[in-house]
Amino acid sequence: MAVTIRIPVLLRPLVDGKSEVSVESGSVSDIFARLIAEYPGVKDRLYDENGNLRRFINIYVNGEDIRFLSGEATQLKDGDELAIVPAIAGGI
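Report on the accompanying structure. (Residues numbered from 1 in each chain as written. Predicted model: local features only at pLDDT ≥ 70, side-chain atom pairs only at ≥ 80, totals over all residues. Heavy atoms only, no water.)

Brief notes about the pattern of salt bridges
- Under the definition given, this model contains three salt bridges.
- Lysine 77 is the salt-bridge partner of aspartate 80, the closest N and O atoms lying 3.3 Å from each other.
- Of the residues examined, aspartate 80 reaches a relative accessible area of 7% and is grouped as buried. (Salt bridge = Lys/Arg side-chain N within 4 Å of Asp/Glu carboxyl O. Buried < 20%, exposed > 50% of the residue type's maximum accessible area, 1.4 Å probe, protein only.)

Focus on helix 1 (residues 28-38)
- Every buried residue of helix 1 is accounted for by Val28, Ile31, Phe32, Leu35 and Ile36. Seen end-on, helix 1 carries its buried residues on one side only, within an arc spanning 135°.
- The secondary structure elements touched by the buried residues of helix 1 are strand 1 (3-6), strand 2 (20-23), helix 2 (43-46), strand 3 (57-61) and strand 5 (81-86). (Helix = DSSP H or I, 4+ residues; strand = E, 2+ residues; numbered from the N terminus. Arc of directions from axis to C-beta. Contact = heavy atoms within 4.5 Å.)

A look at unusual backbone geometry
- You will see that aspartate 16, though not glycine, has its phi angle at about 60°, which is positive.
- By relative accessible area, aspartate 16 is classed as exposed at 62%.
- One non-glycine residue, asparagine 62, lies in the positive phi region at around 50°.
- By the secondary structure assignment, asparagine 62 is in the loop between strand 3 and strand 4 (64-65).
- In this structure asparagine 62 comes out as partly exposed when scored by relative accessible area, which is 43%.

Focus on the side chain of serine 27
- Inspection of the secondary structure assignment puts serine 27 in the loop between strand 2 and helix 1.
- In terms of polar contacts, serine 27 uses its side chain to reach the side chain of serine 29, at 3.0 Å.
- Beyond its immediate chain neighbours, meaning those up to four positions away, serine 27 contacts Glu72, Ala73, Thr74, Gln75 and Leu76. (Polar contact = N/O pair within 3.5 Å; in protein donor to acceptor, adjacent residues only side chain to side chain.)

So, the nonpolar core
- In this structure, Phe32, Leu35, Leu46, Ile59, Leu82 and Ile84 are the most contacted members of the largest nonpolar core, which totals 24 residues.
- For this core, the secondary-structure elements that each account for two or more residues are strand 1, strand 2, helix 1, strand 3 and strand 5.
- Excluding residues within four positions of it along the chain, leucine 46 makes contact with Leu11, Phe32, Leu35, Asn52, Leu53, Arg54, Ile57 and Ile84. (Core = buried A, V, L, I, M, F, W, Y, C linked by side-chain atoms within 4.5 Å.)

Pasting the structure below:
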């Protein structure tokens with residue numbers, strides 16, 4: 001079993017159109033490293049030029065924002081779900 005990464009519509013062209021990708025469990029940073037190793041185009045969408053997660057990208061583990069857990073050090077186990085959710089802005 002593995003961790004399921006839910007891929008938002010805007011990133012799907014970079015992961016062969018998949019809505020979900022499975023990777024081995026580990027920390028959020030480990031999981032993203034595995035995702036980027038398989039789909040290198042994702043890196044620029046997730047990380048800025050300094051190697052930090054982009055501010056407008058929200059990451060949830062089993063529905064909880066990693067900012068309120070241990071950030072990228074948050075550990076995931078088999079069967080967990082990680083969701084990548086780009087922030088949406090709007091107005092009048």
